[in-house]
Each structure stands twice: as structure tokens, then as C-alpha cells.
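Observations on the model geometry
Now for the letters of each chain:
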Amino acid sequence: MTHASRLAPSLFIMALLSIAGSGTPALAAQELERPEDWQVRFDREGSDPSELHFVTMTPGWHITTGPSGILWNPSHTASGNYMLEADLHLFDPGERREAFGVFLGGGDLLEDGQAYTYFLIRRTGEFLIKGRAGADTETMVNWTAHEAIRTWPGDPDEASVLNTLGVRMEADEAVFLVNGQEVARLGRNEVRSAGVVGLRVNHGLNLHISRLEVSGQ
């Protein structure tokens, strides 16, 4: 899978500022269309799908949650040695420290046996790596602060803060990166490497994902 959404920087900034400037980014997003072929699974059964606003917004996608969960296109997969990268723009999260990021090695995502590895950050500058197998989760790296993570608030003149998350799958290791800097390294046998890749977003967040890309397969 390779999906890279790009736009001239000046146009991209104008687009994001127009959303933020409206004061109601979720309402602005509702005017656009949900991306075709994408699927969603909420963490809790009975969550209201209408509380998720998920649309195509060039470049990429805009997500405003309600409930927490995962989002993916089944055709976006990775295997072998590869590099997964995502550019994530966080809009004002208030005082909440809700997490967001990517997952990889996804399988049976709509079934009881759902499984994946996920790599998240939060506004205060920490990252987390966990694995899911069915209803169980395993913490591989607990919340850890790292200087590579851009925190909110950043520049007061900016409407959002951008972080690029990366996972480089090597022959024997999985290397986790934020903004090009290594933050953790695990044995490849400790993570799920082959399968669907996608996004994980906790509740009450407003994000723009301008790039989700797998290369090097």
C-alpha cells in the first residue's frame, strides 16, 4: 500500500486555518464525504457512529471523534521490511491528554479476534506502544516522554501542531520514530508486523492526517 496525500504548503496551511477559523471544525468537515472503502471499529460496543466525523479533505483526511477507535482501508497493508509513516496535525485538544497515532499488523479487525500493534502520542509529549489481541492489550512501552514529540500548544500563531510518526520494520527489529528521531526499538517478534495499517484515535480529538504511507516493501 502506498498512499501519500500532498498539497503545496501554502494551500495546505490556508485549508487548515479555514477549518480552525470557523470555530466549528467538525461542522465544516461534515460538508465533505466520508472516504470510500474505509472502515471503523469503536472500542466500545453501542458507540454512536454519528459522533464520528471522518471525511476526505485534501490533502488526506479530517477526523473529529466522539468515541475512540480505529480507522482503516482494508487495501492498505504492509509486509516484509517496510517503512510506515503518517503526518498528524492536532488541533486544540483543550486540557485532555487523549492519544492518537497509527496501528500496524492488523488482522480480523471486525471480529472478536482483532489484533494489531499501535503506536500513539499525546499532546503533552509522551508516546506509547501497545499490542491488542482480542479483548486483551499488552503494554510494550508505557507512556514515555521524548523531546522529539511536538507538544500542544506549540507556536501560538499556528492552528495545529504537526507530528510525523514512523515505524521502520527491519529484519530483526521494529524501530519507532517521531519526527525522524528514534524513540524506541523492539524485537520484530514482539510486534505484529504483517497486515493492515491504519489510524487509532481516542475520544474527543480533532485531527488532520495529511499523509499515511508505506514504502520499501
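Residues numbered from 1 in each chain as written. Predicted model: local features only at pLDDT ≥ 70, side-chain atom pairs only at ≥ 80, totals over all residues. Heavy atoms only, no water.

**Considering the pairing of strand 9 (residues 136–145)**
Strand direction decides the pairing type here: strand 8 (residues 126–133) and strand 9, joined by seven bridges, are antiparallel. Within strand 9, the residue paired with G131 across the bridge is E138. Connecting the antiparallel pair strand 8 and strand 9 is a turn made up of two residues, with G134 showing a positive phi of about 65°. (Pairing = 2+ DSSP bridges. Helix = DSSP H or I, 4+ residues; strand = E, 2+ residues; numbered from the N terminus.)

**So, the nonpolar core**
Side chains of a nonpolar character, in soluble globular proteins, are inclined to be buried together. Counting 43 residues, the largest nonpolar core has F119, F127, F176 and L199 as its most contacted members. Looking at which element gives the most residues to this core, the answer is strand 5 (residues 82–91), with five residues. In contact with F176, other than residues within four places in its own chain, are F119, I129, G166, V167, Q181, E182, V183, A184, L186 and V191. In terms of nonpolar packing, the next biggest core, distinct from the first, is built from 10 residues, I70, A99, F103 and Y118 among them. (Core = buried A, V, L, I, M, F, W, Y, C linked by side-chain atoms within 4.5 Å. Buried < 20%, exposed > 50% of the residue type's maximum accessible area, 1.4 Å probe, protein only. Contact = heavy atoms within 4.5 Å.)

**Overview of the pairing of strand 6 (residues 99–107)**
Summarising burial for strand 6: nine of the nine residues are buried, a large majority. Summarising the sheet, strand 6 and strand 7 (residues 115–122) pair through seven bridges and their orientation is antiparallel. Directly across from V102, in strand 7, lies its bridge partner F119. Two elements, strand 6 and strand 13 (residues 195–201), share five bridges in a ladder whose sense is antiparallel. The partner of G101 across the bridge, within strand 13, is R200.

**What to know about a negative patch on the surface**
Together, E45, D108, E111 and D112 make up a negatively charged patch on the protein surface. Assignment of secondary structure puts E111 in the loop between strand 6 and strand 7. According to the relative accessible area criterion, E111 is partly exposed, its value standing at 47%. (Patch = residues over 30% accessible without salt bridge, like charges linked within 9 Å, V, L, I, M, F, W, Y side chains within 5 Å. Areas by Shrake-Rupley, 256 points an atom, 1.4 Å probe, with all protein chains shown as cover. Salt bridge = Lys/Arg side-chain N within 4 Å of Asp/Glu carboxyl O. Lys, Arg positive; Asp, Glu negative; His and termini not counted. Charge placed at Lys NZ, Arg CZ, Asp CG, Glu CD.)

**Examining the side chain of R132**
With respect to the helices, strands and loops of the structure, R132 is situated in strand 8. Comment: no salt bridge for buried R132; closest opposite-charge side chain is D43, at 4.6 Å. Here the side chain of R132 touches G134 through a polar contact of 3.1 Å, landing on its backbone oxygen. Ignoring sequence-local partners within four residues, the contact set of R132 consists of Q114, A115, Y116, Y118 and T137. (Polar contact = N/O pair within 3.5 Å; in protein donor to acceptor, adjacent residues only side chain to side chain.)

**Remarks on the sheet that holds strand 2 (residues 53–56)**
Read from one edge to the other, the open sheet built from seven strands follows the order 2-3-14-5-10-11-12, with strand pairing classed as antiparallel. Two strands bound the open sheet, and with one partner strand each, they are strand 2 and strand 12 (181–187). Ignoring strand direction, the axes of neighbouring strands in this sheet form an average angle of 20°. Bridge count between strand 11 (residues 173–178) and strand 12: six bridges; the pairing is antiparallel. By the bridge assignment for strand 12, F176 is matched with A184. (Axes fitted to C-alpha atoms, helices over the stretch in contact; angles between N-to-C directions.)

**Focus on the sheet that holds strand 13**
Pairing is antiparallel in the open sheet, where seven strands are placed in the order 1-4-13-6-7-8-9. Each of the sheet's edge strands pairs with one partner strand only, and the pair in question is strand 1 (39–42) and strand 9. With strand direction ignored, the average angle separating the axes of adjacent strands in the sheet is 20°.

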